[in-house]
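Chain by chain, the residues:
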There are 2 protein chains.
Amino acid sequence: MGKKDGGGKTNYTLKVPKGTKDWDGSDMVIREKIFSTITNVFKRHGAVTIDTPVFELKEILSGKYGEDSKLIYDLADQGGELCSLRYDLTVPFARWLAMNSSIQNIKRYHIAKVYRRDQPAMTKGRMREFYQCDFDIAGQYDAMIPDAEILRITCEIFNELGWDGKYTIKINHRKILDGIFKVCGVPDDKIRTISSAVDKLDKSPWTEVRREMTEDKGLDPAVADKIGEYVVRKGGRDLLESLQADATLTANDSAKQGLADMELLFNYLEIFSVFKHVSFDMSLARGLDYYTGVIYEVITEASAPQAAQQLSSSASATNSKPAKTPKASKQVNGDDDRSNDPSVGVGSIAAGGRYDELVGMFSGRAVPCVGISFGVERIFSITKARIEAEKSAKLRTTDTDVYIMAMGGTGLLKERMEITKRLWDVGVKAEFLWKVKPKFDKQFQAAERGGVPWSILLGDEELKNGQCKIKELGLPEGHPEKNGVLVELANLEKEVLGRVNKPSGNADGVESVIKALESSNMAAAPQS
Amino acid sequence: MGKKDGGGKTNYTLKVPKGTKDWDGSDMVIREKIFSTITNVFKRHGAVTIDTPVFELKEILSGKYGEDSKLIYDLADQGGELCSLRYDLTVPFARWLAMNSSIQNIKRYHIAKVYRRDQPAMTKGRMREFYQCDFDIAGQYDAMIPDAEILRITCEIFNELGWDGKYTIKINHRKILDGIFKVCGVPDDKIRTISSAVDKLDKSPWTEVRREMTEDKGLDPAVADKIGEYVVRKGGRDLLESLQADATLTANDSAKQGLADMELLFNYLEIFSVFKHVSFDMSLARGLDYYTGVIYEVITEASAPQAAQQLSSSASATNSKPAKTPKASKQVNGDDDRSNDPSVGVGSIAAGGRYDELVGMFSGRAVPCVGISFGVERIFSITKARIEAEKSAKLRTTDTDVYIMAMGGTGLLKERMEITKRLWDVGVKAEFLWKVKPKFDKQFQAAERGGVPWSILLGDEELKNGQCKIKELGLPEGHPEKNGVLVELANLEKEVLGRVNKPSGNADGVESVIKALESSNMAAAPQS
């Protein structure tokens, strides 16, 4: 309860809970635009959305997140079932698939908030409540075709956000990694923990990762050195061919199958014009246990890891040039650059992979899945920073087309209401000032603050003649229509619609921000 | 933790928590369409959206909900701040306004889930997690103008959902009610509790309400009878005029001001073409304490309370005909018809009013507010039932325009991928079957299941000639284009765009459901 002051009034702690925030103003506009860009791409690929409860039975989440389970938010035990806030969108999806056994296959997306009781670092964008944006394909299909479509979707999204040429998809395959660990001599029971160590190569130099393998995890140093020769390699088809020519490696069934998958995938990615964005990166291992096939992570220039340089200078066996990796960013603090989402690695803006066995953890039924999670909070931060840096046009927070104003002292409230009502009737987005006798200045300022492009000016004289003025706001001095154009009131709807030319009737009304994003190199969909 | 069976496999309780549900399939399509219809109207009126955290500090919610506070979900105390899941969207909005003192005025909407640890009744639509959809106007304006716009928005929404002529807005004013209670002789300290009793007139007969007032709440029976003569009245301007002619009532300042407000409001509602949907209903009192002015509740034919009849037959002083009340529904169980949302009364689909003092509870700053909350779960249920009853066209869950298929045995995977990629490049929503050599039947069935309107048929012969077929699916036998139309591959994008004629690039892609809703009398926006 809040404290009481002398007068008996309750003083509240006026804040949101630690690690959460309100979304409003232009932040909300940018976020909505990002969501609608992403959603459009998902729908272009035939996806549907499902929505699960924000909390799940506690036991559904148990045993899915390893050490991070301590970060799960529980609801208080107020009697009845024990529940926890969802930690991600993947486990609820798997639970949904297990419950709906009639679903043989689905492409689903889900954009929603998830909850982690982590130490928040607001300035670094690490929150306790944050958005995830997941796209997953479930179902039994021929090898690597859905996997290729996921990466195509990824490229469409980043291209349509205006990042073409500024991002790289790092890609690897769990079966290749596992094969490497086997042929290098890693004992079976150490494979997952050694894999986790490899995954740190994007933020730590090889020497540190090698130390962790040998000192912390008890791996034979000779084995670690063998692993080191593999995992520092990156490239494209050259790397694939070199691995395929490695008889030791291809003698391992797992590696052989992974390499065959990769060849198929590369072929499909070529067809989809996606291969140019890809870097086959053998240091990519991904933290989560449940991946079983191809894994990937998207990094952008703004988040390129400093570790890349350290890695390539401390290793020897890079027999392929790093293809199309974005320019390394200026020296950044590794921690500064950590995503708020532990499932997305350092500096990455999207990540995912194939997980064929997770649904089986909930039911006997095996449903192969492949998916990706977009780090929308991070995409938001980068987009916002770019817009601010480029000082692009002020973002409008509303879509209002027309502001209806009275000239002169009588206020003309009834007439303003009538005109506005006629425009609403035909779907025009219209506002007027809710005062009986508003000053002209106040009306003009309200329109200007909202960035409204058009105004209708009502005056006693004009109304007597059955006319009013339509005026485009913001015209330069000297423009022939600077003072507005007289039109017949009887034709008003037609006159206005002809000008704003955007009948509403659609959920995405943030045309203004599209323009702003376009002007700051955040191109809209190619077809529009 | 789940139980272990003999094999060591964990058996999970595969369910969602009590009182929650997954949204998927056509339910999701209907819900999204309702949300986008509502959102479009809000934006037409210059509204912005804000998004607050799903949980708030526990003390923020304390003391706002009276007895219902016991229904608040708390988060477990895992160290740090004590938090609770939000109970509605109004208190978080007031908290946001109090925190953002630079905001002088705003029209904001918020569509989000709220949480109440109520006894769920799934069949009756009473859930523990459910959506609210709120629209509020904050700021100092001239009397009744924003209030009138709220009701105009309400009518636009229900008209665009296709319910024109099937709903009634019951309207009353707290100041009139309070004036009545005073002139009838209710002691000051009983005004709120007597008001609560009056509010039950939509589900209980007057005799029962009178009994509650006198027996449970200790009101003088003579006072109760005087109240009874007022609160059973309903009508339009006739009722207003009769109250304005009541010298006893107008001697009370509160009543006088309320009546002046109502006259102003009625004038504005006439201008906005909204008055015809309104019934001035003196039995409407609304449960929540914080209302200070006009209050309203929208009821629809499908939820008309049986109590209306009981009321009018047990009362005497109805000197005005009930104007335009929807036909009473067949006898329904009152409880069956209870909204899942206690802030929305029995049988109502939206409700709200003016609350000028709530923000002041959080900060010294007074911010007058007026708002409405739409019962989206109830609107969803009624919409779904209507669609099902009218057996309208099966709702599509995806928006895919074109399915790309191979004829013949080679599968033509590469060609299908290339063609699909070209269509994605121009924004066409396109799919193909993720099999190397799919049977023609399987491809056709997949397209049919998704209700895809167009297909592209690839065959070896046609490809050799640089051609393919475009075929509209579902054409009747004998139609000249039943077997498709040969087109040049070089012109494919143009040929397809000319047919589907809907470049994507917009968040609202549920064109299919619009059509279905139109065909079931759920008209789309008038302008579209």
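You'll find chain A entered in an unreviewed UniProt entry as histidine--tRNA ligase, with Elsinoe australis given as the organism. As its UniProt record puts it under Sequence similarities (unreviewed entry), chain A is described as follows: "Belongs to the class-II aminoacyl-tRNA synthetase family."

Caption draft 1: Structural view of the sheet that holds strand β13 (residues 369-374) of chain B. All names here are of chain B. Across the sheet, which stays open at both edges, the nine strands sit in the order β3-β6-β7-β13-β12-β11-β8-β10-β9 with mixed pairing between neighbours. Two strands in the sheet have a free side with no partner beyond their single neighbour: β3 (48-49) and β9 (234-235). Across ten bridges, strand β6 (residues 106-115) lies against strand β7 (residues 129-138) in antiparallel orientation. By the bridge assignment, Tyr115 is partnered in β7 with Glu129. Where helix α4 (residues 145-160) meets the sheet, it contacts β6, β7, β8 (167-173), β11 (294-300), β12 (348-354) and β13, and its direction lies at approximately 15 degrees from that of β13.

Caption draft 2: Seen up close, the sheet that holds strand β17 (residues 467-472) of chain B. All names here are of chain B. An order of β15-β14-β16-β17-β18 is seen for the five strands of this open sheet, with the pairing classed as mixed. Unpaired on one side and paired on the other, β15 (430-432) and β18 (485-488) mark the two borders of the sheet. The average undirected angle you get between the axes of adjacent strands in this sheet is 30 degrees. Strand contacts of helix α14 (residues 413-425): β14 (402-406), β15 and β16 (454-458), with the helix running at about 170 degrees to β15, the strand carrying the most contacts.

Caption draft 3: The arrangement of the packing of aromatic side chains in detail. If you walk through the whole model with that rule in mind, you get 38 aromatic pairs over all chains. Centroid distance Phe158(A) to Tyr167(A): 5.4 Å. Interplanar angle 40 degrees. Geometry classified as tilted. In terms of burial, Phe158(A) and Tyr167(A) fall into one category: buried. Residues Phe432(A) and Phe272(B) carry aromatic rings whose centres are separated by 6.4 Å and whose planes lie at 65 degrees to one another, so their mutual orientation is edge-to-face.

Caption draft 4: Fine view of the relation of the copies chain B and chain A. Here chain B sits on chain A after a turn of 180 degrees about the axis and a move of 0.0 Å along it, with an RMSD of 0.0 Å. The transformation relating the two chain copies, once decomposed into turn and shift, fits a two-fold axis. Of the interface residues in chain B, 100% have counterparts in chain A that sit at the interface too, so the contact is made through matching surfaces.

Caption draft 5: Seen up close, the side chain of His110(A). Along the chain, the position of His110(A) falls in strand β6 (residues 106-115). Residues contacting His110(A), with those up to four places away along its chain left out, are Thr49(A), Ile50(A), Asp51(A), Thr52(A), Arg86(A), Leu89(A), Gln132(A), Cys133(A) and Asp134(A).

Caption draft 6: Spotlight on the UniProt feature "binding site: L-histidine" (unreviewed entry) in chain A. Residue and element names in this part refer to chain A. Per the UniProt record, the feature "binding site: L-histidine" (unreviewed entry) sits at Asp88, Leu89, Thr90, Arg116, Gln132, Asp136, Arg286, Tyr290 and Tyr291. Note on placement: Thr90 falls in helix α3 (residues 90-99). Filtering out sequence-adjacent residues up to four positions away, Thr90 remains in contact with Asp134, Tyr290, Tyr355 and Leu358. Relative to the helices and strands, Tyr290 is located in the loop between β10 (278-281) and β11 (294-300).

Caption draft 7: Structural view of the interface of chain B and chain A. Contacts between the two partners involve 110 residues from chain B, matched on the other side by 110 residues from chain A. For the pairing of chain B and chain A, the buried interface totals around 10,000 Å² over both sides, and the portion due to carbon and sulfur atoms is 58%. Here chain B and chain A share twelve salt bridges between them. Lys15(A) is the salt-bridge partner of Glu81(B), the closest N and O atoms lying 2.5 Å from each other.

Caption draft 8: View of the pairing of strand β14 (residues 402-406) of chain A. All names here are of chain A. Of all five residues making up β14, five are buried, and the element is well covered by its neighbours. As paired strands, β14 and strand β15 (residues 430-432) are joined by three bridges and run parallel to one another. In the sheet register, Val402 faces β15, and the bridge partner there is Ala430.

Caption draft 9: Region of the structure containing unusual backbone geometry. For Leu412(A), which is not glycine, the phi torsion reads 50 degrees and is therefore positive. Within the fold, Leu412(A) resides in the loop between β14 and α14 (413-425). A positive phi angle, close to 60 degrees, is found at Ser273(B), a residue other than glycine. Among the secondary structure elements, Ser273(B) is positioned in the loop between α11 (253-271) and β10 (278-281).

Caption draft 10: Geometry of the pattern of salt bridges. Residue and element names in this part refer to chain A. Under the counting rule described, the total for this entry stands at 66 salt bridges over all chains. Across the pair Arg95 and Glu56 runs a salt bridge, and its minimum N-O distance is 2.8 Å. Placement of the pair is Arg95 in helix α3 and Glu56 in strand β4 (residues 55-57), with a sequence separation of 39 residues. Taken individually, Arg95 and Glu56 each receive the classification buried, so the pair is uniform in this respect.

Caption draft 11: Geometry of the side chain of His173(B). All names here are of chain B. Among the secondary structure elements, His173 is positioned in strand β8. A polar contact is formed between the side chain of His173 and the backbone nitrogen of Lys175, at a distance of 3.0 Å. Excluding residues that lie within four positions of it along the chain, His173 makes contacts with Gly258, Asp261, Met262, Gly293, Val294 and Ile295.

What counts, and where the lines are drawn
Residues numbered from 1 in each chain as written. Chains lettered and ligands numbered in written order. Predicted model: local features only at pLDDT ≥ 70, side-chain atom pairs only at ≥ 80, totals over all residues. Heavy atoms only, no water. UniProt positions renumbered as here; feature names shortened; annotations may be inferred. Pairing = 2+ DSSP bridges. Helix = DSSP H or I, 4+ residues; strand = E, 2+ residues; numbered from the N terminus. Contact = heavy atoms within 4.5 Å. Axes fitted to C-alpha atoms, helices over the stretch in contact; angles between N-to-C directions. Phe/Tyr/Trp six-rings, centres within 6.5 Å; stacked < 30°, edge-to-face > 60°. Buried < 20%, exposed > 50% of the residue type's maximum accessible area, 1.4 Å probe, protein only. Least-squares fit on C-alpha atoms with pLDDT ≥ 70 in both. Buried area = accessible area lost by both parts, 1.4 Å probe. Salt bridge = Lys/Arg side-chain N within 4 Å of Asp/Glu carboxyl O. Polar contact = N/O pair within 3.5 Å; in protein donor to acceptor, adjacent residues only side chain to side chain.

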